Amino acid sequence: MNAQQKTLAQTCLDGAEADTMTFPEIVEALTHGGFESYTVDYRRSTATYYLPSGESLELAAHGDGLTVGESFDTEALKGAIHEAQTLAPGYTYKGFSAKAKAAGCAGYLVSFLGRRALYFARTGETHAEHFPTPS
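The subject of this paragraph is the sheet that holds strand β6 (residues 126-130). Read from one edge to the other, the open sheet built from six strands follows the order β3-β2-β1-β4-β5-β6, with strand pairing classed as antiparallel. Sheet topology places β3 (56-60) and β6 at the edges, where each strand pairs with a single neighbour. Pairs of neighbouring strands in the sheet enclose a mean axial angle of 15°, with direction left out of account. Looking at chain direction, strand β2 (residues 46-50) and β3 are connected through five bridges and run antiparallel. Pairing of Thr46 across the sheet is with Ala60, part of β3.

Shown next, in the form of structure tokens:
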């Protein structure tokens, strides 16, 4: 992984956490930067970015001190995802993360190849959100 890719990954993480980059902007930037996926681990407060070669970069993500809920409430998670997708008034990534954790989401994998985000619980339960079809 070259220095430019490392800087890009950090820029995208910072952009998400500061609400200066939207999810579609992050996906586009990382895809053009040669990445194939990334994972956010709420329990470890990390984000890991993956290249097709198998190289990866783990970065420290914001930690809010909140624990991941014990049960996986997919309806509450879907509500948080909907707010993110529509950029609902008052939406923030940190607010999304707090709602996701409260709904029992331990983290998520974003696959550019699979065009989806896979949210996972402590129990191994999952919820998949497919990217919208490009127009």
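A word on empty space enclosed by the protein. In total, this model carries one cavity of 30 Å³ or more according to the counting rule given. A volume near 70 Å³ is recorded for the largest cavity. Around the largest cavity, the lining is made up of 13 residues, and of these Val40, Tyr42, Ala61, His62 and Tyr93 lie nearest the centre. When residues in the lining of the largest cavity are grouped by element, the largest group, three residues, is from helix α4 (residues 93-102). Split into classes, the residues belonging to the lining of the largest cavity amount to six nonpolar, four polar and three charged.

Should the sulfur atoms of two cysteines be covalently bonded, the bond is a disulfide. For the structure on display, the rule yields zero disulfides. Distance from the sulfur of Cys12, which forms no disulfide, to the nearest cysteine sulfur (Cys105) is 20 Å.

Turning next to the layout of surface pockets. Space inside the largest pocket adds up to approximately 790 Å³. Elements that contribute at least two residues to the lining of the largest pocket include exactly α1 (3-17), α2 (23-32), β1 (37-41), α3 (74-86), α4, β4 (105-111), β5 (116-121) and β6. In terms of residue count, the dominant contributor to the lining of the largest pocket is α2 (four residues). Looking at the lining of the largest pocket residue by residue, the classes come out as 23 nonpolar, four polar and three charged.

Glancing now at α4. Among all positions in α4, only Tyr93, Phe96, Ser97, Ala100 and Lys101 are buried. Mapping the buried residues of α4 onto a view down its axis gives an arc of 130°, with all of them on the same face. Count one or two residues on from α4 and you reach Gly104, which has phi positive near 90°.

We now examine unusual backbone geometry. With phi around 60°, Asp19 is a residue other than glycine that occupies positive phi space. With respect to the secondary-structure elements, Asp19 resides in the loop between α1 and α2. What makes Asp19 partly exposed here is its relative accessible area of 38%. Phi is positive for Leu87, which is not a glycine, with a value near 45°.

Parameters and conventions
Throughout this document, residue positions are counted from 1 along each chain, in the order its sequence is written. Totals for whole chains, interfaces and linings use every residue, but because this is a predicted model, local features are given only for residues with pLDDT of at least 70 and side-chain atom pairs only at 80 or more, for both listing and counting. Side-chain numbers here rest on the full set of heavy atoms in the structure, without hydrogens or water. Paired strands, in this sense, are two strands between which DSSP finds at least two bridges. Counting from the N terminus, the helices are the DSSP runs of H or I reaching at least four residues and the strands are the DSSP runs of E reaching at least two. Geometry is summarised by axes, namely lines fitted to C-alpha atoms with helices restricted to the contacting stretch, and by angles between N-to-C directions that run from 0 to 180 degrees. Detection works on a 1 Å grid of protein atoms alone, calling trapped sets that fit a 1.4 Å probe cavities and calling open sets with protein on both sides within 12 Å along at least five of seven lines pockets, with lining residues defined by an atom within 4 Å of a point. Grid points are joined across faces, edges and corners, and a volume is the space filled by probe spheres set on the points. Following the grouping adopted for this structure description, the nonpolar residues are Ala, Val, Leu, Ile, Met, Phe, Trp, Tyr, Cys and Pro, the charged ones are Asp, Glu, Lys and Arg, and the polar ones are all others, Gly among them. Disulfides are defined as cysteine sulfur pairs within 2.5 Å. Only protein chains enter the accessibility calculation, which uses a 1.4 Å probe; a residue whose area is less than 20% of its type maximum is buried, one above 50% is exposed, and one in between is partly exposed. It is the directions from the helix axis to the C-beta atoms that the arc portrays.

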